[in-house]
Amino acid sequence: MNLSIDVTNNEGVSNVVLTGEVDAFTAPKLKDTLLPLTKEKGQVVEVDFQDVNYMDSTGLGVFISALKSTKEHASTMRLVHMQDRVYRLFKITGLTEIINIESTVQGGM
């Protein structure tokens, strides 16, 4: 399956809505979209996982890179609406301790 990425910007918040699977095939496209958004100081990047039913370790790598970028550029990232199957991947790897994962969208959607 492919990955659809829809980005909307609203007053300092970039909402990134993902649909499909995040894997070795789709991760480069996600990284190319996500990382530039994290490089704007003060920017909030909110990634909506509601329609993501599968993610592998390649996808985790994208979010680790994005987290590092937020630290370097004084921006913020939060992941929302994550399905249990995908959340477990973040939990098992300990990333829930360092990445902001919330159940609801707070940005301007």
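The structure under discussion appears in the preceding block.
Computed from a predicted structure; not experimentally measured.

Enquirer: How would you sum up the pattern of salt bridges? Please name residues and give values.
Expert: Side chains bearing opposite charge may pair, as long as their charged atoms lie close to each other. According to the stated counting rule, one finds one salt bridge in the structure shown. Put simply, glutamate 46 and arginine 78 hold a salt bridge, and the shortest N to O gap is 2.6 Å. Highlighted residues: glutamate 46 in strand 3 (residues 44-55) and arginine 78 in strand 4 (residues 76-80), separated in sequence by 32 residues. For arginine 78, a relative accessible area of 12% corresponds to the buried category.

Enquirer: Describe the nonpolar core, naming the residues involved and giving the relevant values.
Expert: Core analysis: the biggest nonpolar cluster contains 27 residues, and Leu18, Leu34, Phe49, Phe63 and Phe90 have the highest contact counts within it. Taken together, the elements giving at least two residues each to this core come down to strand 1 (3-10), strand 2 (13-22), helix 1 (27-38), strand 3, helix 2 (57-73), strand 4 and helix 3 (84-92). For leucine 18, the contacting residues outside a window of four places in its chain are Leu3, Ser4, Ile5, Leu30, Val47, Asp48, Phe49, Asp51, Val52 and Phe63.

Enquirer: Before we move on, could you go through the pairing of strand 3 and cite the residues and values that matter?
Expert: Each regular strand shows side chains that alternate between the opposite faces of the sheet. Where strand 2 and strand 3 come together, nine bridges link them in parallel fashion. Note that in strand 3 the partner of glycine 20 across the bridge is valine 52. In the classification by handedness, the crossover that spans strand 2, the intervening helix 1 and the parallel strand 3 is right-handed. Two elements, strand 3 and strand 4, share five bridges in a ladder whose sense is parallel.

The rules behind the values
- Residues numbered from 1 in each chain as written.
- Predicted model: local features only at pLDDT ≥ 70, side-chain atom pairs only at ≥ 80, totals over all residues.
- Heavy atoms only, no water.
- Salt bridge = Lys/Arg side-chain N within 4 Å of Asp/Glu carboxyl O.
- Helix = DSSP H or I, 4+ residues; strand = E, 2+ residues; numbered from the N terminus.
- Buried < 20%, exposed > 50% of the residue type's maximum accessible area, 1.4 Å probe, protein only.
- Core = buried A, V, L, I, M, F, W, Y, C linked by side-chain atoms within 4.5 Å.
- Contact = heavy atoms within 4.5 Å.
- Pairing = 2+ DSSP bridges.
- Right-handed = clockwise from strand over helix to strand, strands pointing away.

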